[in-house]
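Architecture and fold: a report
The primary structure of each chain is shown beneath.
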Amino acid sequence: MIIRYAEVLISYAEALYELNGSISDSDLDITVNALRRRVGMPAMLTNAFASANGLNILDEIRRERTIEFIDENKRYDDIIRWKIAEYVLPVDIIGAKFNDDETPKQRTDYDGHLTETAGMLNGKTRYDQNDMYVIEFAEDRKFNPAKDYLYPVPLYEIANSGGNVTQNPGWE
């Protein structure tokens, strides 16, 4: 598979919105809503629905893309392309809720990773409820927007360019 038709549709919807600053309901119908109809989803995305519920259409198109490609390794490239990585990457990664009756391990096995009363852990609010397992802490997840939106240029390319190619900022 080179590209799925779903990617063509959702990319087209995103491109139309980015180009025009809006997208018509008929264009939503042949793109986003076509994907929704394919799986039998009854709710269709329209400008009226978005407006009535205080939603941003571009955010909804992007959310639909995230759902459509959940297991296809496109998310990181999308958040880099959308330039939102510094907001969505350095956050706590929350796992499942610990349940003493259903979890085979003891509470002490998860020491330092379970939220306490009101979702607090290590002096910070991590979630809005207690006993949530924090897989990875925000302070351990770094993203430097001055550097990390670009990949390093391979040294081989720089060396063989005759001085025409330089390293990307932050990767010197």
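Keep in mind that this is a model prediction, so the values were computed, not measured.

Section: the nonpolar core
- Counting residues in hydrophobic clusters, the biggest one holds 16 residues, and the most contacted among them are Ile10, Tyr17, Ile23, Leu28, Val32, Ile57 and Ile61.
- Looking at this core, the elements with two or more residues in it are helix H1 (5-20), helix H3 (32-38) and helix H5 (57-68).
- Residues in contact with valine 32, not counting those within four places in the same chain, are Ile10, Ala13, Leu45, Ile61 and Glu64.

What about the packing of aromatic side chains?
- On inspection of all chains with the given rule, the structure shows three aromatic pairs.
- Considering the side-chain rings of phenylalanine 98 and tyrosine 110, the 5.5 Å spacing of their centres and the 65 degrees angle between planes classify their relative orientation as edge-to-face. Taken together, the positions of phenylalanine 98 in the loop between strand E1 (93-97) and strand E2 (120-121) and tyrosine 110 in the loop between E1 and E2 put the pair twelve residues apart, joining distant regions of the chain.
- An angle of 75 degrees between the planes, with centres 5.4 Å apart, marks the rings of tyrosine 110 and tyrosine 133 as edge-to-face. Highlighted residues: tyrosine 110 in the loop between E1 and E2 and tyrosine 133 in strand E4 (residues 132-136), separated in sequence by 23 residues.

Some points on the pattern of salt bridges
- As enumerated under the stated definition, the model contains 17 salt bridges in all.
- Among the ionic pairs, arginine 65 bridges to glutamate 7, the shortest N-O distance being 3.6 Å. Of the two residues, arginine 65 is situated in helix H5 and glutamate 7 in helix H1; the sequence distance between them amounts to 58 residues. One exposure class covers both arginine 65 and glutamate 7, and it is buried.
- Taken together, the salt bridges that share partners define one network made up of Glu7, Glu14, Arg65, Lys74, Asp78 and Arg81.

Cut-offs used in this document
- In this numbering scheme, every chain counts its residues from 1 along its sequence in written order.
- For a predicted model such as this one, the threshold for reporting local features is a pLDDT of at least 70, and the threshold for listing and counting side-chain atom pairs is 80 or more; totals across whole chains, interfaces and linings nevertheless cover every residue.
- Side-chain metrics rest on all non-hydrogen atoms present in the structure, leaving aside hydrogens and water.
- In these notes, a set of buried Ala, Val, Leu, Ile, Met, Phe, Trp, Tyr and Cys residues joined through side-chain atoms within 4.5 Å is what counts as a nonpolar core.
- To sort residues, take the accessible area from a 1.4 Å probe on protein chains only and compare it with the maximum for the residue type: under 20% means buried, over 50% means exposed, and anything in between is partly exposed.
- A helix here means a DSSP run of H or I that spans at least four residues, while a strand means a run of E at least two residues long, and both kinds are numbered starting from the N terminus.
- What makes two residues a contact is simply this: any of their non-hydrogen atoms within 4.5 Å.
- What counts as a ring pair is set by centres within 6.5 Å for rings of Phe, Tyr and Trp (its six-membered ring), and what kind of pair is set by the plane angle: stacked under 30 degrees, edge-to-face over 60, tilted for all other angles.
- The salt bridge criterion pairs a side-chain nitrogen of Lys or Arg with a carboxyl oxygen of Asp or Glu, the two atoms within 4 Å.

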